[in-house]
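Chain residues, written in single-letter form:
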Protein chains: 2
Amino acid sequence: MSAVAAEQPGEPSSRDRILDAAEGLFARRGYAGVGLRELADLVGLGKSSLFHHFESKPQLYAAVCARILARISEGVDRSLAAGGSPMERLERVVDDLLDLLAAQPNDARILLRSLFEDDELAGETREELEGREFTARIMSSISALLREGMEAGQFRSVHVPGLLLSLIGQTVFPFASGEFGQEILGKDPFDPSEVKRRKREVRDLLRHGLLAPAGR
Amino acid sequence: MSAVAAEQPGEPSSRDRILDAAEGLFARRGYAGVGLRELADLVGLGKSSLFHHFESKPQLYAAVCARILARISEGVDRSLAAGGSPMERLERVVDDLLDLLAAQPNDARILLRSLFEDDELAGETREELEGREFTARIMSSISALLREGMEAGQFRSVHVPGLLLSLIGQTVFPFASGEFGQEILGKDPFDPSEVKRRKREVRDLLRHGLLAPAGR
DNA sequence: GTCTATAGGGAGATAGAC
DNA sequence: GTCTATCTCCCTATAGAC
């Protein structure tokens, strides 16, 4: 079903507990800021045991990123499957993505952080290739949707790649902005009422910024 | 004139050369990913000499951030000073900010990265307080502009803090997205033609997403 | 699959000569 | 204002017992 092995609900494997803990640490302090000693302590293992589950620190980081991208890619696939007009599908993708980012507080930060670390991940490990595939899949799905909406005349003519970056900035960034976002908003960006508000904001900007004049 | 001491053009001081080099390194690898040894080598100094100019690594980092925020704050002040309708001023602020981020390739990354490092900078150094003041000044200026536009009836009714985060996502994020942005766009986000395109994109989204129906 | 022990190196920071 | 030398600590990773 998924590229990540299916797991029965029960007690999570050591591998999964390591991934969970690493995700939180990497989100807070970034790749270089996390020590394997700290991670091992958090999981309740000896430091060396980590190397039984992952070859190296870069590979562990890539696995954390790949798992997040897999979640998002599957979410986007699900959101797009339900059908509807291009605008209906786009709004559903955005809504569901915001719900997903709100439910997984580490995702937005790790995603943005990973974009900034061009250097670290220069390898060709399985996890890294997986992550790149998921990214490509997500981007091409949404690009296709935008092009379809333009061809159907529902969207005005826009530069698709540019709009993709704008959308990421509007959806992912607020959940990664941490204390800054909290201070600006006056409340936690992850608060359900704030998530709802953001959905409305993005939707309004899309409707008035994307719909062709004929559609208004 | 400015909170940062005025400097004659001539050969830059050691302090400035350290700040310049540190800015580039922090942008590429983040706070924890940069070693002072590497920084010292890059500047052409011994590692210990850095401590003559800065008390500690966190303070150096805060100084780098404060300098960037000072540049942006001054830019925003200048952009707002010229007058015009709220929409004209908002568009000018955005245009000038995009020009500034394009001209200073490290700024966007360091700004976003610094938002993610809630932990590291818990201190109360002069540099850090300065940075927070600049941030507050920038945010309150733009917030006031948005509120003025709403009260004047030129902007539709929006949630000001939420729109602030959206604007940051649309303007700052693309310049921080590095190789990812380059791959999506098919060209360097810092390329003049792409900067021009982004100005147009943000402006179009603002015009069609912000203007009150009566203004259309 | 987890552990202890350790290798080999780099980190931030300080002391004190020049 | 820059240097060399050094302190102490932590890092990733490996070896090998259990």
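Interfaces are frequently sized by the accessible area removed from exposure as the parts join. Each side of the interface is counted separately: chain A has 45 residues, and chain B has 45 residues. Of the roughly 4200 Å² buried where chain A meets chain B, counting both sides, 64% is carbon and sulfur surface. Together, F116(A), L165(A) and F173(A) form the three largest contributors to the area buried by chain A at its contact with chain B, with a combined 19%. Our count for the chain A to chain B interface comes out at two salt bridges. A salt bridge links R113(B) to E117(A), with the nearest nitrogen and oxygen atoms 3.0 Å apart. For the pair chain A and chain B, the number of links is twelve residue pairs in polar contact (both at pLDDT 80 or more). Among the elements of the structure, helix 1 (14-33), helix 6 (107-116), helix 7 (126-151), helix 8 (160-176), helix 9 (178-185) and helix 10 (192-210) of chain A are those that each provide at least two residues to the side of chain A that touches chain B. The dominant element in the side of chain A that touches chain B, judged by the number of residues it contributes, is helix 8 of chain A, at twelve residues. The residue makeup of the side of chain A that touches chain B, split by class, is 17 nonpolar, twelve polar and 16 charged.

In this structure the tally under the stated criterion is seven cavities of 30 Å³ or more. Within this model, the largest cavity holds a volume of roughly 110 Å³. As for the largest cavity, its lining consists of 17 residues, of which R113(A), E117(A), G30(B), R113(B) and E117(B) are closest to the centre. Those elements that provide at least two residues to the lining of the largest cavity are helix 1 and helix 6 of chain A together with helix 1 (14-33) and helix 6 (107-116) of chain B. Within the lining of the largest cavity, the residues separate by chemical class into six nonpolar, four polar and seven charged.

Within the structure, DNA strand D sits among 16 residues, and L36(A), K47(A), G46(B), S48(B) and H53(B) are positioned closest to it. Of what DNA strand D places within 4 Å of the protein, 54% of the atoms are sugar or phosphate. Its residues assigned to classes, the surface near DNA strand D shows four nonpolar, nine polar and three charged.

Near DNA strand C you find 16 residues, and of these G46(A), S48(A), H53(A), L36(B) and S48(B) are the closest. Each atom of DNA strand C within 4 Å of the protein belongs either to a base or to sugar and phosphate, the latter forming 55%. One of the backbone nitrogen or oxygen atoms of G46(A) is found 2.3 Å away from a phosphate oxygen of DNA strand C. At 2.8 Å from a phosphate oxygen of DNA strand C is found a side-chain nitrogen or oxygen belonging to H53(A). Among the secondary structure elements, those contributing two or more residues to the surface near DNA strand C are helix 3 (50-53) of chain A together with helix 2 (36-43) of chain B. Among the residues making up the surface near DNA strand C, the classes are represented as four nonpolar, nine polar and three charged.

The transformation that overlays chain A on chain B combines an axial shift of 0.0 Å with a rotation of 180 degrees, and the residual RMSD is 0.1 Å. Both chain copies can therefore be described as sitting about a two-fold axis. Ranked by how close their C-alpha atoms come to the rotation axis, the residues of chain A are headed by G169(A), at 1.9 Å. Of the interface residues in chain A, 100% have counterparts in chain B that sit at the interface too, so the contact is made through matching surfaces.

About the cut-offs
Residues numbered from 1 in each chain as written. Chains lettered and ligands numbered in written order. Predicted model: local features only at pLDDT ≥ 70, side-chain atom pairs only at ≥ 80, totals over all residues. Heavy atoms only, no water. Contact = heavy atoms within 4.5 Å. Buried area = accessible area lost by both parts, 1.4 Å probe. Salt bridge = Lys/Arg side-chain N within 4 Å of Asp/Glu carboxyl O. Polar contact = N/O pair within 3.5 Å; in protein donor to acceptor, adjacent residues only side chain to side chain. Helix = DSSP H or I, 4+ residues; strand = E, 2+ residues; numbered from the N terminus. Nonpolar A, V, L, I, M, F, W, Y, C, P; charged D, E, K, R; others polar. 1 Å grid on protein atoms, 1.4 Å probe; cavity = no way out; pocket = protein on both sides within 12 Å on 5 of 7 lines; lining within 4 Å. Points joined across faces, edges and corners; volume = space filled by probe spheres on them. Near = heavy atom within 4 Å. Least-squares fit on C-alpha atoms with pLDDT ≥ 70 in both.

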